[in-house]
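The residues making up each chain are set out below.
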Amino acid sequence: MSSGSQDQGVSVGNSLVAGNGTTRWLSPSGDFAFGFYQLPNELFLLAIWYDKIPNKTIIWYANGDIPTPKGSRLELNDSRGLVLSNPQGSELWRSEFTWGIVYSGLMNNTGNFQLRDKSFETLWDSFNHPTDTLVPTQVMELNGKLSSRQGEFNFSRGRFKLHLQNDGNVVLNLINFPSNYSYEPYYGTSTADANNQTNVGQRLIFDQSGFLYILKKSGEKFYITNPNQNVSTDGFYYKATINYDGVFTIAYYPKDPKNGQSWVTVKTIPENICLYSTFTGGEANGHQGSQDDLYTMMELPNTDWPKSDYEILSPSSLQECKESCLQDCLCVLASFNQSSCWKKKLPLSYGRKDQGVKGISVLKLMKNDAALPNVKKDHDTLIIVISVLLGSSVFIILMLVGAICFGFPYKFKKIKSSRSKNSFVDQNLQHFTFKEIVEATSNFREELGRGSCSIVYKGTIEMISVAVKKLDKLIQDSDKEFQTEMNVIGQTNHRNLIRLLGYCNEGQHRILVYELMRNGTLASFLFTPLKPDWNQRSHTETGIRGTKGYVAPDWFRSAPITAKVDTYSFGVLLLEIICCRKNVEKEFVGEEKGILTDWAYDCYKTKRLDILLENDCEVVNDMKSLEKFVMIVIWCIQEDPLRRPTMKEVLLMLEGTVEVAIPPSPYLYGSVSVN
């Protein structure tokens, strides 16, 4: 710390410079840092983060809408507190406090940065100005809020909010931009009580033991996390974050790297965000990023569709009305009159154009690069067509507006790729060149994990984090099998599956590009002090994909390698989920259950599945499910790859769509026992 002694904190006059010299102030324990966090785009964010975690997880930040360039300065001033300036000296942000003179600043061991006077009274602190995250010992008072960011490295204010309302209820809301209108909550704790004012929430507390709860006025605690599912904060870091997808997540991270090196999710609220919708009719919320480059708004005076409203903004200006519709992909047009804005979605009905119609409608049109110079020329013609059709059938109007709004090709800024129009894979998955993969992974710089036959790297494509799985032993004869498996995976769509985004099949290179697992690895979920219960494990089986970390015997033979090696690996992984232990455990070496796959088959063959999970009382009541899972595993781990099902067939068996047949012995040369 440039301020000298950590116990004395940061003295007035001290400063940090982005990208040059001292860029952070540490807490006495070294767990937390406050300063300039470098973003992937070479800009810097003023933030607080967990400093001993490899990925430096951010828990607080300032000025997220405008990250700062190299050379920006943060200074501690006695009258203005923390002052952030760009390299030209212009002020970008400062801490706001109403009284007192700052004597020092302190990055304390709880993750709270404080500004203090000579008497060590707090004038301002980061805990009372939260962004998207709470940490242990942090308290939120009535009307406190957390706001999501817009992306993993986009710290602009996002569209989701956690709010401790004045009535004592904690809710999650979707926010409309640019009006900041809060839609109806998609989650609430129901801790408001109009009939009993002592039974209402007063504070949201993340206590020092890692429990998150609402403290009611009566002193009663309403727990958000289960007190029985907690690991000590002595050995783990904690955080509770409103993520950019609208999910509020509580997670912990082991302080000892031997216990894991990823965040482990304790609870998500809601459990399945896809089941929650701001609007009726089964539509998910339609709000997304800036659409200025994709659409233009066309004004239609004295025109209205009075029966298609789904949202009213009031008060509103015409420009705000246009912007709100532009940024909302559900909105196809908006009607404005005086100071009110009515947003409308399909189907549009009972439209009319008449001098008696007050106000103006604005229609969202997708830009077409070839037609942009002629927009003005076609304007009047389009209005005439719409006017004629206003008196025609609703069906024709639907066709018109649908074609206008959605018929033009959607223009994405994509990585260039070569596609085959005849292949389902190429219609459903992105085909990358090897050069593009190298660029996306910065020449395979950051390794996430490896097996004996593949390595997984972290990459970024169009600002989206991806996992790039590089297979290193597929041979030319397996091209057909590789393409076949791509077709199967490309057609498989399930909300619990990690999604395959694309692939590279160039020369000797066979590479798969998956979405990155936001909640960490499955191993961090299974092999930790807090093991998941049977209900969690039995509902995880359709949330995993194959991985060559558990090697099929095919790799050690001279026969061609097919995509079914993933089926084998999936079977081993599924069995680990069921039993909550690794396939090969050192403590069992030399015993009959040393190798889990062999032990499971022996238990199945002798009809003694009860001893496979002998200490798990919950399974006793669900032996039918256990037997089904073990049978699927035995099919997956067949040494003969021709006997193994495809991954699509496995998924159908797991979901109950296809009946699971009695499996044969998985071994090529008869039954093998480790007894």
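Residues numbered from 1 in each chain as written. Predicted model: local features only at pLDDT ≥ 70, side-chain atom pairs only at ≥ 80, totals over all residues. Heavy atoms only, no water.

Asker: I'd like a rundown of the overall build of the protein, residues and numbers included.
Answerer: Looking only at helices and strands, the protein features 12 helices and 37 strands. Pairs at least 24 apart in sequence give 54% of the contacts found in the protein among residues at least 6 apart. For the protein, the exposed area adds up to about 32,900 Å²; of that, 50% sits on carbon and sulfur atoms. (Helix = DSSP H or I, 4+ residues; strand = E, 2+ residues; numbered from the N terminus. Contact = heavy atoms within 4.5 Å. Areas by Shrake-Rupley, 256 points an atom, 1.4 Å probe, with all protein chains shown as cover.)

Asker: Now, about unusual backbone geometry: what can you tell me, with residues and values included?
Answerer: For the bond running from Ile269 to Pro270, omega is -10°, close enough to zero to count as cis. Of the consecutive residues Ser314 and Pro315, the connecting peptide bond is found in the cis state with omega at 0°. In the Ramachandran plot, Lys607 falls in the positive-phi region, its phi being about 55° despite a non-glycine side chain. Relative to the assigned elements, Lys607 resides in the loop between helix H10 (596-605) and helix H11 (623-636).

Asker: Talk me through the environment of Lys435; I want residue IDs and the actual numbers.
Answerer: Within the fold, Lys435 resides in helix H5 (residues 434-440). Between the C-alpha atom of Lys435 and that of Glu506, which follows or precedes it by 71 residues, the distance is 9.9 Å.

Asker: Describe the sheet that holds strand E19 (residues 201-206), with residues and values.
Answerer: Strand order in this open sheet of 4 strands is E14-E19-E20-E21, and the pairing throughout is antiparallel. For this open sheet the edge positions go to strand E14 (138-141) and strand E21 (221-223), each flanked by a neighbour on one side alone. For this sheet the average axis-to-axis angle between neighbouring strands, irrespective of direction, equals 25°. In terms of strand pairing, E19 meets strand E20 (residues 212-216) through 5 bridges, oriented antiparallel. Its bridge partner lying in E20, Leu204 is registered against Ile214. (Pairing = 2+ DSSP bridges. Axes fitted to C-alpha atoms, helices over the stretch in contact; angles between N-to-C directions.)

Asker: Any chance you could break down the sheet that holds strand E29 (residues 340-344) for me, citing the residues and the numbers?
Answerer: Taken together, 5 strands build an open sheet; the order of strands is E25-E31-E28-E29-E27 and the sheet is antiparallel. Only two strands of the sheet have a single partner each, and these edge strands are strand E25 (295-301) and strand E27 (309-313). Direction aside, the axes of adjacent strands within the sheet are offset by 25° on average.

Asker: Break down the pattern of salt bridges for me, citing the residues and quoting the values.
Answerer: A full pass over the atoms with the stated rule returns 17 salt bridges. Notably, a salt bridge pairs Lys344 with Asp309, separated by 2.2 Å at the nearest N-O pair. On the criterion of sequence distance, the pair formed by Lys344 in strand E29 and Asp309 in strand E27 is long-range, its members being 35 residues apart. A relative accessible area of 1% places Lys344 in the buried class. Taken together, the salt bridges that share partners define one network made up of Arg80, Glu91, Arg94 and Glu96. (Salt bridge = Lys/Arg side-chain N within 4 Å of Asp/Glu carboxyl O. Buried < 20%, exposed > 50% of the residue type's maximum accessible area, 1.4 Å probe, protein only.)

Asker: Could you give me a rundown of the pairing of E14, with the residues and numbers involved?
Answerer: Of the two faces of E14, the one lined by Gln138 and Met140 is fully buried and the one lined by Val139 and Glu141 carries no buried residue. By the bridge criterion, 4 bridges tie E14 to E19 in an arrangement that is antiparallel. Bridging from a neighbouring strand, Gln138 pairs with Phe206 of E19.

Asker: So what's going on with the state of the cysteines? Which residues, and what values?
Answerer: For the structure shown, the criterion picks out 2 disulfides. Here Cys321 pairs with Cys341 through a disulfide, and the sulfurs are 2.1 Å apart. Between Cys321 and Cys341, the S-S torsion sits near 70°, and that sign places the bridge as right-handed. Taken together, the residues Cys321 in helix H1 (residues 318-326) and Cys341 in strand E29 connect sequence positions 20 residues apart. Shown here is the disulfide that connects Cys325 with Cys331, its sulfur atoms set 2.1 Å apart. The chirality of the disulfide connecting Cys325 with Cys331 is left-handed, given an S-S dihedral of about -100°. Sequence-ordered numbering of the bonded cysteines in the protein gives a pairing of 1-4, 2-3. With no disulfide partner, Cys579 has as its closest neighbouring cysteine sulfur the one in Cys603, 8.4 Å distant. (Disulfide = S-S within 2.5 Å.)

Asker: An account of H1 is requested, with residue identities and associated values reported.
Answerer: Listed in full, the buried residues belonging to H1 are Cys321, Lys322, Ser324, Cys325 and Leu326. Packed against the buried residues of H1 are E25, E27, strand E28 (333-337), E29 and strand E31 (360-366).

Asker: Give me the nonpolar core: which residues, what numbers.
Answerer: Considering soluble globular proteins, one finds that nonpolar side chains tend to be buried as a cluster. Counting 35 residues, the largest nonpolar core has Ile578, Leu612 and Ile632 as its most contacted members. Of all the secondary structure elements, the ones that give two or more residues to this core are helix H9 (565-579), H10, H11 and helix H12 (647-655). When near neighbours in sequence (up to four residues on either side) are disregarded, Ile632 contacts Leu574, Val650, Met653, Leu654 and Val660. (Core = buried A, V, L, I, M, F, W, Y, C linked by side-chain atoms within 4.5 Å.)

Asker: Would you mind going over the packing of H11 against H12 in detail, with residue names and values included?
Answerer: Relative to each other, H11 and H12 sit at 170°, their axes nearing to 10 Å. Classified by the interaxial angle, the pair formed by H11 and H12 is roughly antiparallel. Of H12, the residues touching H11 (which contributes Lys628, Phe629, Ile632 and Cys636) are Val650, Met653 and Leu654. Of the residues contributing to the contact of H11 with H12, the split by class is 6 nonpolar, no polar and 1 charged. (Parallel < 35°, antiparallel > 145°, perpendicular 65-115°, else oblique. Nonpolar A, V, L, I, M, F, W, Y, C, P; charged D, E, K, R; others polar.)

Asker: Go over the side chain of Thr225 with me, naming the residues and quoting the values.
Answerer: Turning to its location among the elements, Thr225 is positioned in the loop between E21 and strand E22 (236-242). There is a polar contact of 3.1 Å between the side chain of Thr225 and the backbone nitrogen of Leu212. Sequence-distant contacts of Thr225, defined by excluding residues within four places in its chain, comprise Gly210, Phe211, Leu212, Ile250 and Lys267. (Polar contact = N/O pair within 3.5 Å; in protein donor to acceptor, adjacent residues only side chain to side chain.)

Asker: Go over the pairing of strand E36 (residues 500-506), please, and point to the residues and values.
Answerer: E36 sits mainly inside the fold: 5 of its 7 residues count as buried. Across 6 bridges, the pairing between E36 and strand E37 (residues 509-515) is antiparallel. Bridge pairing in E37 places Asn505 opposite Arg510. Linkage of E36 to E37, two consecutive antiparallel strands, is achieved through a turn of 2 residues, within which Gly507 is found at a positive phi near 60°.

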